[in-house]
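# Working through the structure, step by step
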Amino acid sequence: MRKIKKNDDVIIIAGKDKGSRGKVLRVLDDRLLVSGVNMVKKHQKPNPVKGLAGGIVTVEMSIHASNVAIYNLMSKKAGRVGVKTLEDGRKVRVFKSSGDVVDA
C-alpha cells in the first residue's frame, strides 16, 4: 500500500518550494506531480495539428516523494503515515503521531 496517493493534501518538506502545500495530481513510481509546486518555464514548439501555439509556457514538474509529507489537517503539520489493519481485515493509512485514519 502506498503512503501517498492521488488527491492527498501534501506539504513540501525540502527543496525550493519548501513549506508550500498542494494536492497530488499524479503518482509516478517514486515521483509525484503536485498542483502549484515545482513550476518551471518550458520552451514549447508550435503544433498546428493539436492547435498549440509556440512560446514559453509554465508547467508543473514532478517532485521526488522523499521531499513530500502528507499534511495532517487536525494538527496543521506534516505527518508520517503507517498502515494499520482493522478488525474487518481492511488496511487503512493512519498518522503515526495521533493514530487518526488518513482515508475517511
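To start, this report covers the structure provided alongside it. Everything quoted here is computed from the prediction, not taken from an experiment.

## Topic: the pattern of salt bridges
A side chain with one charge can pair with a side chain of the opposite charge if their charged atoms come near. What the rule picks out here adds up to three salt bridges. Note that Arg93 and Asp8 form a salt bridge whose closest N and O atoms lie 2.7 Å from each other. Pair noted here: Arg93 is in strand β10 (residues 91–95) and Asp8 is in the segment before β1 (9–12), with a separation of 85 residues, a long-range link. A salt bridge links Arg21 to Asp9; the shortest N-O distance between them is 2.8 Å. Here Arg21 is found in strand β2 (residues 21–28), whereas its partner Asp9 is found in strand β1, with 12 residues between them in sequence. For Arg21, a relative accessible area of 43% translates into the label partly exposed.

## As for unusual backbone geometry
With a phi close to 60°, Asn38 is a non-glycine residue in the positive phi region. If you trace the backbone, Asn38 turns up in the loop between β3 (31–34) and β4 (39–44). Given a relative accessible area of 18%, Asn38 falls into the buried group. Backbone geometry at Lys76 places phi at a positive 60°, although glycine is not the residue there. Following the sequence through the fold, Lys76 ends up in the loop between β7 (68–72) and β8 (77–79).

## Focus on the pairing of strand β9 (residues 81–85)
Two faces make up the sheet, and in a regular strand the side chains alternate between them. Bridge count between β9 and β10: five bridges; the pairing is antiparallel. Counted as the bridge partner of Gly82 is Val94 from β10. Connecting β9 to the antiparallel partner β10 that follows it, the hairpin turn spans five residues, and Gly89 within it adopts a positive phi of roughly 95°.

## Section: the sheet that holds β7
The strands making up a sheet associate through backbone hydrogen bonding, with each pair oriented either parallel or antiparallel. The six strands lie next to each other as β6-β3-β2-β1-β7-β8, forming an open sheet whose pairing is antiparallel. Each edge of the open sheet carries a strand with a single partner, namely β6 (63–64) and β8. Across two bridges, β3 lies against β6 in antiparallel orientation. The residue of β6 that forms the bridge with Arg31 is His64.

Thresholds applied
- Residues numbered from 1 in each chain as written.
- Predicted model: local features only at pLDDT ≥ 70, side-chain atom pairs only at ≥ 80, totals over all residues.
- Heavy atoms only, no water.
- Salt bridge = Lys/Arg side-chain N within 4 Å of Asp/Glu carboxyl O.
- Helix = DSSP H or I, 4+ residues; strand = E, 2+ residues; numbered from the N terminus.
- Buried < 20%, exposed > 50% of the residue type's maximum accessible area, 1.4 Å probe, protein only.
- Pairing = 2+ DSSP bridges.

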